[in-house]
Amino acid sequence: MPVRQSEFKSVKTKCPKCKSNNLDIIELWKNATISWDCRNGVIEINNGNLEPGNPHKVEGRCYDCGKHWTIRGVRQIDEIVVDI
Ligand SMILES: [Zn+2]
């Protein structure tokens, strides 16, 4: 069985209300959503998650205050993560 590679990335967004970086990051596709757990501003991305496709929107949900918002100007998670 192949080993599934995963890597950790830093997320460049915070809760607009309480500035927390413990977030659920949700990518919305036409018929699906994919979400990532962001803890202290870091997410783990499995290479298997990053398939070519057409996500159209990214939302965040704050684990600390419950705020749920749309991350403006972003269509896929790639646009808000950087290598650590
Ligand atoms: Zn918050």
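Student: Residues and numbers for the pairing of strand β5 (residues 57-62), please.
Tutor: Every other side chain in a regular strand lies on the same face of the sheet, so the side chains alternate between the two faces. Here β5 shows a buried face lined by Val58, Gly60 and Cys62 and an unburied face lined by Lys57, Glu59 and Arg61. Here six bridges tie strand β2 (residues 23-28) to β5, and the two strands are oriented antiparallel to one another. Paired with leucine 28 across the two strands is lysine 57, which belongs to β5. In sequence, β5 turns back onto strand β6 (residues 68-70) through a hairpin of five residues, with glycine 66 there showing a positive phi of about 85 degrees.

Student: Can you lay out the sheet that holds β6 for me, pointing to particular residues and giving the numbers?
Tutor: Here we have four strands laid out as an open sheet, ordered β3-β2-β5-β6, and antiparallel in their pairing. On the outer flanks of this sheet lie β3 (33-38) and β6, each paired with one strand and no other. Strand-to-strand twist across the sheet, computed as the mean angle between neighbouring axes with direction ignored, equals 20 degrees. Pairing analysis gives three bridges linking β5 to β6, with the strands arranged antiparallel. Counted as the bridge partner of arginine 61 is histidine 68 from β6.

Student: Provide a residue-level description of the sheet that holds strand β7 (residues 81-83), including the pertinent values.
Tutor: Adjacent strands of a sheet form backbone hydrogen bonds with each other and so pair up, either parallel or antiparallel. Ordered in space as β4-β1-β7, the three strands form an open sheet in which the pairing is antiparallel. Of all strands in the sheet, those with a lone pairing partner are β4 (42-46) and β7, marking the two edges. Within the sheet, the average angular offset between the axes of one strand and its neighbour, ignoring direction, is 50 degrees. Note: strand β1 (residues 6-11) against β4, five bridges, orientation antiparallel. In the strand pairing of β4, serine 6 is matched with asparagine 46.

What counts and how
Per-chain numbering applies: the sequence of each chain, read as written, is numbered from 1 onward. In keeping with the model being predicted, local features are shown solely for residues with a pLDDT of at least 70 and side-chain atom pairs are shown and tallied solely at 80 or more, while totals for entire chains, interfaces and linings include all residues. We call a residue exposed when 12 or fewer other C-beta atoms sit within 10 Å of its C-beta, buried when the count reaches 20 or more, and partly exposed for counts in between; the C-beta positions come from the backbone. A run of H or I in DSSP counts as a helix once it spans at least four residues, and a run of E counts as a strand once it spans at least two, with each numbered from the N terminus. Strand pairing is assigned whenever DSSP detects at least two bridges linking the two strands. Fitted lines through C-alpha atoms serve as axes, helices being fitted only where they are in contact, and the angles separating the N-to-C directions of these axes extend from 0 to 180 degrees.

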